[in-house]
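Residues per chain, in single letters:
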Amino acid sequence: MRKTWLALGLLPALAWAGPPAGVSVQHPWVRYLLPNIPAGAYLTLTNNGDTQAVLTGAHSPACGMLMLHESVNSGGTSMMMAVSSLTVPAHGSIALAEGGYHLMCMQPKMRVGAEVPITLDFQDGTSLDLTAPVYGPSGAP
Ligand SMILES: [Cu+2]
């Protein structure tokens, strides 16, 4: 019984899907290669708020599954690993950039020159909507 009441109490907070306080996105973009090759999405997250923001996932109708990844260099071989969350410190920022953290569009449905919508999901139930321009293999012009 107690659990039921707790769950109901959480609903209003989860239903409010505004952006996290003070968090903004700069320079989003996607590198599109081919339809059957995952496309990397890159951006900078800045947190001007007083509390850390924890990115726990992302989704986009243009991506199929959209995963949090990290590129790591292991003995000269570049590999990608799934990351469960990324923390943007209070009054700090993190870059999702080539060779590091990035979002991975697993089934890209897009074309170069278009813009795709992406939603970032945070641990506290907030979310942040953005649109990212789609560039080709050579990246930003
Ligand atoms: Cu990746």
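Our structure is the block above this text.
Just so you know, these numbers come straight off a predicted model, no measurement behind them. (Residues numbered from 1 in each chain as written. Predicted model: local features only at pLDDT ≥ 70, side-chain atom pairs only at ≥ 80, totals over all residues. Heavy atoms only, no water.)

1. So, the environment of Q123
Move 1: In this structure, Q123 sits in the loop between β9 (115-122) and β10 (127-135).
Move 2: When neighbours within four sequence positions are excluded, Q123 is seen to be in contact with V54 and T56. (Helix = DSSP H or I, 4+ residues; strand = E, 2+ residues; numbered from the N terminus. Contact = heavy atoms within 4.5 Å.)

2. Things to note about the pattern of salt bridges
Move 1: Inspection of every chain in the model, using the stated rule, returns one salt bridge.
Move 2: Close ionic contact of R31 with E98 constitutes a salt bridge, the shortest N to O distance being 2.6 Å. Placement of R31 in strand β1 (residues 23-31) and of E98 in the loop between β7 (92-96) and β8 (101-105) is noted, with a sequence separation of 67 residues between them.
Move 3: Residue R31 is classed as buried on the basis of its relative accessible area of 17%.
Move 4: Assessed through its relative accessible area of 48%, E98 is described here as partly exposed. (Salt bridge = Lys/Arg side-chain N within 4 Å of Asp/Glu carboxyl O. Buried < 20%, exposed > 50% of the residue type's maximum accessible area, 1.4 Å probe, protein only.)

3. A word on the coordination of the copper ion
Move 1: Taken together, the protein donors to the copper ion comprise H69 (ND1), M80 (SD), H102 (NE2) and M104 (SD), at separations of 2.1 to 2.3 Å.
Move 2: Viewed at the metal, the four donor atoms of the copper ion are separated by angles of 92 to 119°, and the geometry they form is tetrahedral.
Move 3: The exposure class assigned to H69 is buried, which follows from its relative accessible area of 9%.
Move 4: For M80, a relative accessible area of 45% puts it in the partly exposed group. (Donors = N, O, S within 2.8 Å, 3.2 Å for Na, K, Ca; no water. Tetrahedral: all angles 85-135°; square planar, octahedral: opposite > 155°, others 65-115°.)

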